[in-house]
Amino acid sequence: MNEQELREIVKRTLHRIAPEVDLDSIDGKTDLREEIDLDSMDLLNFFVALHEQLKVDIAETDYSRLTTLDGCVQYLREKTGAV
Amino acid sequence: MAGVVIDVYFIDVNVSREVIGALAELLTDIERARADRYRFDDDRRRSIVARAATRRILSRFTGTAARELPIVEGEYGKPELAGGEIEFNASHSGDLVALAFAPQTPVGIDVERRRKLHDALALARRYFSEAELAFVEGAEDTGAAFFIVWTAKEAIVKASGKGIGASDLRGFTVPFGAAQLQLVTGAWSVAMLEPPMPGYHAALAARTGVEPVNQSTVDASSLL
């Protein structure tokens with residue numbers, strides 16, 4: 001899996017959590033909580049869905065790294081070994 | 001803490017643009033800029049009503065003008081009034097803002113519009129204690145049971161001032177839907193609240209020993 005494929009999975013998963021958001025218009029560096037008001041439950045829902053999709057364990061202490069699209073992709077790249 | 005009264009307010013954010021505009025005047029420039037960063041009007045409206053109502057009600061407690069109140073962030077980012085004279089907490093979801101205020105004792109509040117979750121049971125398995133998971137799995141209405149537990153847990157996490165990431169969510173079990181504040185851990189109690197709209201769940205957490213709760217529903221335009 002390459003980075004682009006990983007990004008598409010992240011966006012598709014996020015779309016299931018927040019279907020009203022046009023993810024192509026979101027800056028990868030934007031904090032999702034600040035721009036589209038994802039609350040704690042939305043984020044945990046997102047992390048659980050990512051875990052199911054990619055079989056990656058996301059530790060609670062790493063959550064702060066996954067609040068932007070770029071942060072998610074970078075973190076999941078490290079965990080999955082995607083290039 | 002005997003004799004401490006917690007004031008809880010629910011506010012419907014469905015008000016006119018004029019009212020939202022006027023409420024935004026109660027915010028600091030930084031708060032308004034933060035609200036303006038939201039992409040959607042609904043998010044912006046919730047953010048403005050929550051902070052404007054917080055400022056207006058704190059102003060009634062303290063006598064300081066709403067816009068002048070020094071609201072700062074605690075160690076984990078929880079907003080608080082500098083000086084700690086009054087502690088407060090805010091939550092918003094859907095069309096509702098929920099606020100809690102108490103003199104010199106921390107409070108946490110959470111309101112959630114009931115919505116479709118990707119997989120409530122997967123969330124419960126990951127973040128709930130065994131007893132909480134059994135409660136959700138055994139419930140006739142899994143969604144309702146999930147939200148009852150979730151709001152109670154989030155209220156406690158918020159009262160403690162720590163974020164979800166810094167809290168051991170599985171390390172404590174909440175009472176399932178208790179209407180009175182009930183002991184959860186040595187430090188915290190939690191109670192389910194009844195929001196004024198159908199389809200919502202809410203809970204309040206406070207230090208163990210703090211009991212009386214005044215709950216009211218406020219019209220956003222009355223905050224002007």
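As the structure is a prediction and not an experimental result, all values here were calculated from the model.

Trainee: Requested: an account of the sheet that holds strand β8 (residues 188-193) of chain B, with residues and values cited.
Mentor: Residue and element names in this part refer to chain B. One open sheet accounts for 4 strands, arranged β6-β9-β8-β7; its pairing is antiparallel. The open sheet has two edge strands, β6 (107-113) and β7 (182-183), and neither has a second partner. Two elements, β8 and strand β9 (residues 200-207), share 6 bridges in a ladder whose sense is antiparallel. Note on β9: the bridge partner recorded for Ser 189 is Ala 206.

Trainee: Tell me about the interface of chain B and chain A, and name the residues and values.
Mentor: Taken residue by residue, the interface counts 23 residues in chain B and 26 residues in chain A. Counting each side, the surface lost to burial between chain B and chain A is near 2200 Å², with a carbon and sulfur contribution of 50%. Broken down residue by residue, the surface that chain B buries against chain A is led by Arg39(B), His118(B) and Arg126(B), which jointly contribute 31%. Counting every contact that joins chain B to chain A gives 4 salt bridges. Put simply, Arg37(B) and Glu34(A) hold a salt bridge, and the shortest N to O gap is 3.1 Å. Between chain B and chain A we count 8 residue pairs in polar contact (both at pLDDT 80 or more) in total. Among the elements of the structure, α3 (41-62), α4 (120-127) and α6 (142-160) of chain B are those that each provide at least two residues to the side of chain B that touches chain A. Grouping the amino acids of the side of chain B that touches chain A by side-chain chemistry returns 11 nonpolar, 3 polar and 9 charged.

Trainee: Which residues make up the side chain of Arg115(B), and what are the values?
Mentor: Within the element layout of this structure, Arg115(B) appears in the loop between β6 and α4. Owing to a relative accessible area of 16%, Arg115(B) belongs among the buried residues under this scheme. One polar contact links Arg115(B) to Asp39(A), side chain to side chain, over a distance of 3.3 Å. A polar contact of 3.0 Å, which involves the side chain of Arg115(B), links it to the side chain of Asp42(A). If near-sequence neighbours (up to four positions away) are discounted, Arg115(B) is found in contact with Asp39(A), Met41(A), Asp42(A), Ser93(B) and Phe147(B).

Trainee: Tell me about the pattern of salt bridges, residues and numbers included.
Mentor: Throughout the structure, instances matching the rule amount to 23 salt bridges over all chains. Asp70(A) serves as the salt-bridge partner of Lys29(A), at 3.4 Å between the closest nitrogen and oxygen. Here Lys29(A), found in the loop between α1 (3-17) and α2 (32-35), pairs with Asp70(A), found in helix α4 (residues 69-80); they are 41 residues apart in sequence, far enough to count as distant. Two residues, Asp39(A) and Arg115(B), come together in a salt bridge whose shortest N-O distance is 3.3 Å.

Trainee: Account for the environment of Gln104(B), naming residues and giving values.
Mentor: Residue and element names in this part refer to chain B. The residue Gln 104 is located in the loop between β5 (96-103) and β6 in this model. A residue is classified by how much of its surface remains accessible, and Gln 104, at 58% relative accessible area, is exposed. As a C-alpha pair, Gln 104 and Phe 88 span 16 residues in sequence and 9.3 Å in three-dimensional space.

Trainee: Lay out the packing of aromatic side chains with the relevant residues and their values.
Mentor: All names here are of chain B. Summed over all chains, the structure comprises 9 aromatic pairs over all chains. Pairing Tyr 9 with Phe 101 gives two aromatic rings, centres 5.8 Å apart and planes at 75°, and the pair type is edge-to-face. Placement of Tyr 9 in strand β1 (residues 6-12) and of Phe 101 in strand β5 is noted, with a sequence separation of 92 residues between them. Among the residues examined, Tyr 9 registers a relative accessible area of 15% and is labelled buried. Here Phe 101 falls in the buried class, since its relative accessible area comes to 1%. On the basis of an interplanar angle of 0° and a centroid distance of 4.1 Å, the ring pair of Phe 135 and Phe 176 is categorised as stacked. Within this pair, whereas Phe 135 is found in helix α5 (residues 130-138), its partner Phe 176 is found in the loop between α6 and β7, the two being separated by 41 residues in sequence. In this structure Phe 176 comes out as partly exposed when scored by relative accessible area, which is 36%. Over the aromatic face of Phe 172 sits the side chain of Lys 153, whose NZ or CZ is 4.1 Å from the ring centroid.

Trainee: Requested: an account of the nonpolar core, with residues and values cited.
Mentor: Counting 58 residues, the largest nonpolar core has Leu44(A), Phe46(A), Phe47(A), Tyr127(B), Phe146(B) and Val190(B) as its most contacted members. Of all elements in the fold, only α1, α3 (40-54) and α4 of chain A together with α4, α5, α6, β8 and β9 of chain B reach the threshold of two or more residues within this core. Per element, the largest residue contribution to this core is 10 residues, and it comes from α6(B). Core analysis: the second largest hydrophobic core is formed by 29 residues, Leu23(B), Phe88(B), Val97(B) and Ala220(B) among them.

Conventions adopted
Residues numbered from 1 in each chain as written. Chains lettered and ligands numbered in written order. Predicted model: local features only at pLDDT ≥ 70, side-chain atom pairs only at ≥ 80, totals over all residues. Heavy atoms only, no water. Pairing = 2+ DSSP bridges. Helix = DSSP H or I, 4+ residues; strand = E, 2+ residues; numbered from the N terminus. Contact = heavy atoms within 4.5 Å. Buried area = accessible area lost by both parts, 1.4 Å probe. Salt bridge = Lys/Arg side-chain N within 4 Å of Asp/Glu carboxyl O. Polar contact = N/O pair within 3.5 Å; in protein donor to acceptor, adjacent residues only side chain to side chain. Nonpolar A, V, L, I, M, F, W, Y, C, P; charged D, E, K, R; others polar. Buried < 20%, exposed > 50% of the residue type's maximum accessible area, 1.4 Å probe, protein only. Phe/Tyr/Trp six-rings, centres within 6.5 Å; stacked < 30°, edge-to-face > 60°. Lys NZ or Arg CZ within 6 Å of the ring centre and 35° of its normal. Core = buried A, V, L, I, M, F, W, Y, C linked by side-chain atoms within 4.5 Å.

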